Amino acid sequence: MALAHAAAPTGVAPIVEVLRGGVVESRHFGAAAVVAADGHVVGAWGDIQQPVFPRSAIKPMQALPLLESGAADAFDLDAREIAIACASHCGSAGHVRTVAAMLGRVGLDAAALACGARTPSDRDEVRRLAHGDEEPGRAHNGCSGKHAGMILVARHLGAAWQGYHRIEHPVQQRVVGTLEQMTGLDLFGAARAIDGCSLPIWALPLGNLALAMARLADPVDLSEARQAAIDRIWQAQASAPEMVDGPGGFVTEALRLGEGRLLVKNGAEGVHVASLREEGLGIAVKIADGGDRAAQVAIAALVLRYGEPGRAVRAHLRAAAGPPVLTWAGEKAGAIRPAEGWLARRGRRS
């Protein structure tokens with residue numbers, strides 16, 4: 001009896017596969033783009049014009065007004081504080097203290113944050129909260145550093161800090177202007193929604209998201225003020241990578257070992273991005289099913305394919321591009337890897 005094959009998903013490509021015992025157990029489909037700062041598409045898989053919500057992947061760009069407005073200098077922010085403004089941190093005690101210090105500059109505390117409370121992923125902080133019978137606070141939210149930075153921008157501009165997260169607020173107007181310039185898009189008619197941390201978020205074509213990351217890597221055609229702000233973003237994340245993610249995290253280690261040549265940022269729902277500074281390239285990945293495990297494998301594989309990172313970061317990326325599938329007892333049962341032949345299809349420089 002002949003069985004009918006299910007139709008392959010449209011607009012996506014097989015990106016990552018999960019093996020158990022040498023047999024492909026499941027596949028993750030998605031799209032990916034590698035773009036140069038001049039807009040040249042170096043590599044594309046799937047439909048890179050399909051808009052996606054980048055979520056937290058654009059935090060380095062959302063942090064640019066903090067520097068360009070002069071707020072970072074006015075409030076004497078250090079590298080750790082600039083880095084946490086770009087972060088999806090794990091809610092450690094150090095992260096909470098850093099956010100509190102930023103808010104303290106303007107006489108506020110975590111109650112001012114619109115991101116909402118969230119249980120930290122840092123195990124030590126979870127245990128501390130449980131031992132003290134405390135509830136997680138807003139500063140534990142991985143987006144709290146970004147929100148604290150936006151409050152500082154509002155205060156520096158002389159605007160009310162209340163409502164800083166609303167689309168009509170001057171802070172968010174600066175953010176959308178920055179996103180338009182970096183992505184090369186007019187976002188007036190673009191689909192807009194609310195991110196998990198209550199900020200406005202726009203649906204961007206994946207190719208334009210990669211273009212924005214390329215402009216972070218090679219901002220030569222941008223204003224001198226933007227170039228200086230971007231340079232400080234790179235310096236801050238390279239010098240304080242633990243502020244961007246958490247100790248031992250994939251992003252933290254990529255930033256630390258990349259030594260200012262590689263910027264990686266995770267989003268949500270299967271979005272990851274990267275900037276390759278020496279190559280002047282931006283990379284964006286969207287996994288259709290929202291699987292972050294597949295997005296991490298994909299972004300690591302693409303950085304290895306198109307970048308020339310140092311030996312230490314290459315080892316880190318190789319491990320991230322092929323993590324094992326383990327049993328509950330810790331025995332290796334399989335692996336997660338880039339789909340067979342994926343990078344050979346439409347992945348060459350043109």
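Residues numbered from 1 in each chain as written. Predicted model: local features only at pLDDT ≥ 70, side-chain atom pairs only at ≥ 80, totals over all residues. Heavy atoms only, no water.

Caption draft 1: Highlighting the pairing of strand 3 (residues 41-45). By the criterion of burial, strand 3 is predominantly enclosed, with four of the five residues buried. Inspection of the sheet shows strand 2 (residues 23-36) paired to strand 3 by four bridges, in the antiparallel sense. Opposite Ala-32, over in strand 3, you have Trp-45 as the bridge partner. Hairpin connection of strand 2 to strand 3: four residues between the antiparallel strands, including Gly-39 at a positive phi of 95°. (Buried < 20%, exposed > 50% of the residue type's maximum accessible area, 1.4 Å probe, protein only. Helix = DSSP H or I, 4+ residues; strand = E, 2+ residues; numbered from the N terminus. Pairing = 2+ DSSP bridges.)

Caption draft 2: Expanded view of helix 9 (residues 206-217). Spanning 12 residues, helix 9 covers 17 Å between terminal C-alpha atoms, matching the ideal 16 Å at 1.5 Å per step. Within helix 9, 12 of the 12 residues are buried, which leaves it mostly tucked inside the rest of the structure. Taken as a whole, helix 9 has its buried residues at Leu-206, Gly-207, Asn-208, Leu-209, Ala-210, Leu-211, Ala-212, Met-213, Ala-214, Arg-215, Leu-216 and Ala-217. (Expected span 1.5 Å × (residues − 1).)

Caption draft 3: Up close: the side chain of Gln-172. Examined against the element boundaries, Gln-172 turns out to sit in helix 8 (residues 170-183). There is a polar contact of 3.0 Å between the side chain of Gln-172 and the backbone oxygen of Tyr-164. Residues in contact with Gln-172, not counting those within four places in the same chain, are Met-150, Tyr-164, His-165, Arg-166, Ile-167, Leu-199 and Pro-200. (Polar contact = N/O pair within 3.5 Å; in protein donor to acceptor, adjacent residues only side chain to side chain. Contact = heavy atoms within 4.5 Å.)

Caption draft 4: Quick peek at the packing of aromatic side chains. Under the criterion given, the structure shown has two aromatic pairs. Aromatic pair Trp-45 and Tyr-306: ring centres 6.5 Å apart, planes at 65°, arrangement edge-to-face. With Trp-45 in strand 3 and Tyr-306 in helix 12 (residues 292-306), the pair connects residues that are 261 residues apart, well separated along the chain. Taken individually, Trp-45 and Tyr-306 each receive the classification buried, so the pair is uniform in this respect. Aromatic ring contacts, followed pair by pair, group Trp-45, Tyr-306 and Trp-342 into a single cluster. Positioned above the aromatic ring of Tyr-306, the side-chain terminus of Arg-305 is 4.7 Å from the ring centre. (Phe/Tyr/Trp six-rings, centres within 6.5 Å; stacked < 30°, edge-to-face > 60°. Lys NZ or Arg CZ within 6 Å of the ring centre and 35° of its normal.)

Function-wise, these values are silent; they only describe arrangement.
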